[in-house]
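What follows is the residue order along each chain.
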Amino acid sequence: MWPFHLIDRLENASALDAVAARIKPVVEKATSNRTVTDALHGVWLGHPLHPVLVQVPVGAWTSAAVLDAVPAMRPAAGLLIGVGIAGAAPAIASGWTDWSQQDTQQQRTGVVHAIGNTIALTLYAGSLYARRRNRVGVGAALAYTGYAVAAASATIGGHLAYRQAAGPSHAVPHAEIAPADWTDIGALSDLPDGTPGSARLGEVDLLVVRRGQQVDVLVDRCSHASAPLHEGELVTERGRLCIACPWHGSVFDVQTGRAVHGPATAPQPALDVRVEDGRVRVRLPGLSLG
Ligand code: FES
C-alpha cells in the first residue's frame, strides 16, 4: 500500500551504506564502555530500552499537538515540546547503541529513521525558539511539521523493529516448536566436557554445556539475531559460567539463560535437564506448545 511500499525499498538501498560507514566509527567510539552500552540496550531491564524511552518525546509532542490546537493553551504546549526535546536525548543514545549491532539492511533503515528523527528534533527546537521570541503561530506550525516528520520516522522505526525483526527475541520461535515432554537428547558420555556442545530436540538446535555430571541446556539460537551459541566461548562473569555469542558478544548465564551482557536483552530459553542411567533428557518449561 502506498506509501508504505517505499519503506520496503530502504533496506535494499545500498547507497545508504556509505552514510552508515561514516556514522559507524563515531557510534562505536561513543559506545565503547560496556556498562553504558548494556544499560542503553536495556540488559538490566530484560527488554529493549529504546521503545521505552521514546515514550517521553512521543507522548510530550502528541500532547503538545493537542494543546497547540487551543490558542490559550499554547504556552503549555511549549513546555511539553521542551520536555520532548530533553527526553529525546536518552532515546537517541539507546537507538544508536542498538543500531551499532544490527545487520547491514537493518542499519540502512536505521539511518533513515535517525535522519527523520533529527529533522523532527530540529523542527521542534525551532518551534521552541520561535515561541520564546513570541512568534507562537510560527512555533505551532513548526511543531506540527515536526510531528508529521516524527510520525513518518516512527513508522520506519516500526518497520525496522517488526518487519526486519530488530527487536524481538530470535530464540523464542525455536523454543515454541520444541516437544513438550521429556525427551532423550543423547548419552552423557558423548557430550564434550568443559566446552560448548550441541544437540537436537525435535527441530530445535540446543546448546549443551557439560561439566562432569552437571549439564545445562539452552536454546542454541541467540535471542539477539539467531547466532549459533554452541560456536561461542565459555566465559565466567560475576562468578557464573556463561556463553559468549560468536556474532556480537552477548553473554548468557548457561544455567538460567539470563542475558548478562548485550546487545541481547531477552534471555535464552533454558531447559530442564535430567541425567539418568547415563542418558540426558530435557524439556522446555513453560514455553513449549507441543
Ligand atoms: S546474534 Fe547478536 S549477540 Fe548473538
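Residues numbered from 1 in each chain as written. Predicted model: local features only at pLDDT ≥ 70, side-chain atom pairs only at ≥ 80, totals over all residues. Heavy atoms only, no water.

**Things to note about the sheet that holds strand 3 (residues 204-211)**
Then comes step 1: Read from one edge of the open sheet, three strands run 2-3-4, paired in antiparallel fashion. The open sheet has two edge strands with one neighbour each: strand 2 (196-201) and strand 4 (214-219). On average, each strand axis in the sheet is inclined to that of its neighbour by 35°, with strand direction left out of account. (Pairing = 2+ DSSP bridges. Helix = DSSP H or I, 4+ residues; strand = E, 2+ residues; numbered from the N terminus. Axes fitted to C-alpha atoms, helices over the stretch in contact; angles between N-to-C directions.)

**Describing the nonpolar core**
Then comes step 1: Counting 18 residues, the largest nonpolar core has Ile185, Leu206, Val208, Val217, Leu271 and Val282 as the members making the most contacts within it.
Then comes step 2: If you list the elements that add at least two residues to this core, you get strand 2, strand 3, strand 4 and strand 10 (279-283).
Then comes step 3: Contacts of Val282, omitting those with residues within four sequence positions, involve Asp181, Trp182, Thr183, Ile185, Leu201, Leu206, Val217, Leu271, Asp272 and Val273.
Then comes step 4: Residues Val209, Leu218, Ile243 and Cys245 belong to the second largest nonpolar core, which totals 13 residues. (Core = buried A, V, L, I, M, F, W, Y, C linked by side-chain atoms within 4.5 Å. Buried < 20%, exposed > 50% of the residue type's maximum accessible area, 1.4 Å probe, protein only. Contact = heavy atoms within 4.5 Å.)

**Let's talk about the domain arrangement of the chain**
Then comes step 1: What the domain assignment reports for the chain is domain 1 (4-163) and domain 2 (172-283).
Then comes step 2: Placing a centre on the C-alpha atoms of domain 1 and another on those of domain 2 gives a separation of 37 Å.
Then comes step 3: Each partner contributes residues to the interface: domain 1 has nine residues there, and domain 2 has 13 residues.
Then comes step 4: Surface buried jointly by domain 1 and domain 2 totals about 770 Å² across both partners, of which 49% is contributed by carbon and sulfur atoms.
Then comes step 5: Contact with domain 2 buries area across many residues of domain 1, yet Arg34, Val43 and Gln101 alone supply 62% of it, more than any other trio.
Then comes step 6: Our count for the contact surface shared by domain 1 and domain 2 stands at three residue pairs in polar contact (both at pLDDT 80 or more).
Then comes step 7: When its residues are assigned to classes, the side of domain 1 that touches domain 2 shows two nonpolar, five polar and two charged. (Domains from an automatic or database assignment. Buried area = accessible area lost by both parts, 1.4 Å probe. Polar contact = N/O pair within 3.5 Å; in protein donor to acceptor, adjacent residues only side chain to side chain. Nonpolar A, V, L, I, M, F, W, Y, C, P; charged D, E, K, R; others polar.)

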